[in-house]
Amino acid sequence: MPVSTVVIKSKDEIALLREAGRLNAEVRAALREAVAPGVTGRDLDMLAKDEIAKRGAQPTFVGYGPGGRPPYPGAICYSVNDNLVHGIPNDRALREGDIVSIDLGVTYKGYVSDAAFTCGVGKVAAEAEDLMKITEASLWAGIEQARPGNYLGDISAAIGRWGEDAGYGIIQEYGGHGVGRDMHEPPHVANFGRPGVGYKLKAGMVLALEPMFALGRHETEEMADHWTVRMRDGSLSAHFEETIAILDDGPEVLTRIR
Ligand code: MF3
Ligand code: CO
């Protein structure tokens, strides 16, 4: 979509997005606490659906199906080890040493919040810890660049530099996006790029930033379920995401409890 269709949100809309974001943070905290050996994706998905309903909100991902895809069945995306994103919750029990990305969309009063984290199950390998730490650090470096007058390329470059410096595979096919009444609004936010190029950032933009890195090569493939994206070489991958608003004085992270 052309960048000219970027939606600038009013103060009132940002207030609603802030509420959707807070609920997202609360539900994510419950999910994070529930991650343990023996727990399944289906357990976590049921927990998410419950926690969302309790708050009078809706699971954004349920039924999502752009471009003829089968409607997405879960409230969360649940992607273990070499599964990168969009994994469908299943009945396999988590094992000590796995790393799992949990992605959650919460819609409240018609406004969407989209956020994800990756965490270890029990004790994980040092290289998996590093991958998670660096992927998350790149997200915060990207957020730091999200201020009026900067460019979209400043965000992308700040994220990508972390992956590059670590020698990780930097995923090309997926990235961040605008968020609002729709989960996916323009612009696309690449996780690599050059500073000072692209769309000029303005107050009122709301973006989901979502770096994804892998220990091995960057190539991904979609599995037969038409959703799950995995690393072609089977390497471990990590994914973190927050929804942020660009305000006059800089970024505000909406998907956190403040
Ligand atoms: N954060 C993910 C994204 O922006 C959410 C995918 S939702 C699903 O792609 F419904 F497609 F699973
Ligand atoms: Co997203």
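That block above? That's the structure.
Residues numbered from 1 in each chain as written. Chains lettered and ligands numbered in written order. Predicted model: local features only at pLDDT ≥ 70, side-chain atom pairs only at ≥ 80, totals over all residues. Heavy atoms only, no water.

As for the overall build of the protein chain
A tally of helices and strands in the protein chain yields four helices and 15 strands. The principal-axis extent of the C-alpha atoms belonging to the protein chain is close to 45 × 45 × 40 Å. Counting the 258 residues in the protein chain, one finds 53% classified as buried. Sequence-distant contacts, at least 24 apart, represent 71% of the contacts inside the protein chain between residues at least 6 apart. Here the protein chain has roughly 10800 Å² of accessible surface; of this, 52% comes from carbon and sulfur atoms. Distance from the positive charge centre (27 side chains) to the negative charge centre (37 side chains) of the protein chain: 3 Å. (Helix = DSSP H or I, 4+ residues; strand = E, 2+ residues; numbered from the N terminus. Buried < 20%, exposed > 50% of the residue type's maximum accessible area, 1.4 Å probe, protein only. Contact = heavy atoms within 4.5 Å. Areas by Shrake-Rupley, 256 points an atom, 1.4 Å probe, with all protein chains shown as cover. Lys, Arg positive; Asp, Glu negative; His and termini not counted. Charge placed at Lys NZ, Arg CZ, Asp CG, Glu CD.)

Here we look at the pattern of salt bridges
By the definition in use, this model includes 18 salt bridges. Across the salt bridge formed by R55 and E26, the nearest N and O atoms sit 2.6 Å from each other. You can see R55 sitting in the loop between helix 2 (41-54) and strand 1 (58-59) and its partner E26 sitting in helix 1 (residues 11-34), a full 29 residues away along the chain. Note on R55: relative accessible area 25%, which makes it partly exposed. (Salt bridge = Lys/Arg side-chain N within 4 Å of Asp/Glu carboxyl O.)

A closer look at the packing of helix 3 (residues 126-144) against helix 4 (residues 152-166)
Packed helix pairs are characterised by how far apart their axes lie and by the angle those axes make with each other. Running from amino to carboxyl end, helix 3 crosses helix 4 at an angle of 155°, the nearest separation of the two axes being 7 Å. What the angle tells us is that helix 3 and helix 4 run roughly antiparallel. The chirality of how helix 3 crosses helix 4 is right-handed. On helix 4, the residues touching I134, A137, S138, A141 and G142 of helix 3 are I155, A158, I159, W162 and A166. A class-by-class count of the residues in the contact of helix 3 with helix 4 yields eight nonpolar, two polar and no charged. (Axes fitted to C-alpha atoms, helices over the stretch in contact; angles between N-to-C directions. Parallel < 35°, antiparallel > 145°, perpendicular 65-115°, else oblique. Left-handed = near helix turned anticlockwise from the far one by under 90°. Nonpolar A, V, L, I, M, F, W, Y, C, P; charged D, E, K, R; others polar.)

Here we look at the sheet that holds strand 6 (residues 169-170)
Sheet architecture is open: three strands sit in the order 6-10-13, paired in antiparallel fashion. This sheet does not close on itself; its edge strands, each paired only once, are strand 6 and strand 13 (237-239). Where strand 6 meets strand 10 (residues 212-214), two bridges bridge the pair, whose relative direction is antiparallel. Counterpart to I170 in the pairing with strand 10 is F213. Against the sheet, helix 3 engages strand 10 and strand 13, with an angle of about 150° to strand 10. (Pairing = 2+ DSSP bridges.)

Brief notes about helix 4
Helix length check: helix 4, at 15 residues, gives a terminal C-alpha distance of 22 Å against a target of 21 Å (1.5 Å per residue), a fit within 8%. For helix 4, the set of buried residues is L152, G153, D154, I155, S156, A157, A158, I159, G160 and G163. On its buried side, helix 4 packs onto helix 3, strand 6, strand 8 (185-189), strand 9 (206-209) and strand 10. (Expected span 1.5 Å × (residues − 1).)

Considering the pairing of strand 5 (residues 111-120)
Among the 10 residues that make up strand 5, 10 are buried, leaving the element largely enclosed by the rest of the structure. Of the two faces of strand 5, the one holding Y111, S113, A115, F117 and C119 and the one holding V112, D114, A116, T118 and G120 are both buried throughout. The sheet contact formed by strand 4 (residues 99-108) and strand 5 spans 10 bridges and is antiparallel. Along strand 5, the bridge assignment pairs I102 with F117. Here strand 4 hands over to strand 5 after two residues, with K109 in that stretch at a positive phi of 50°.

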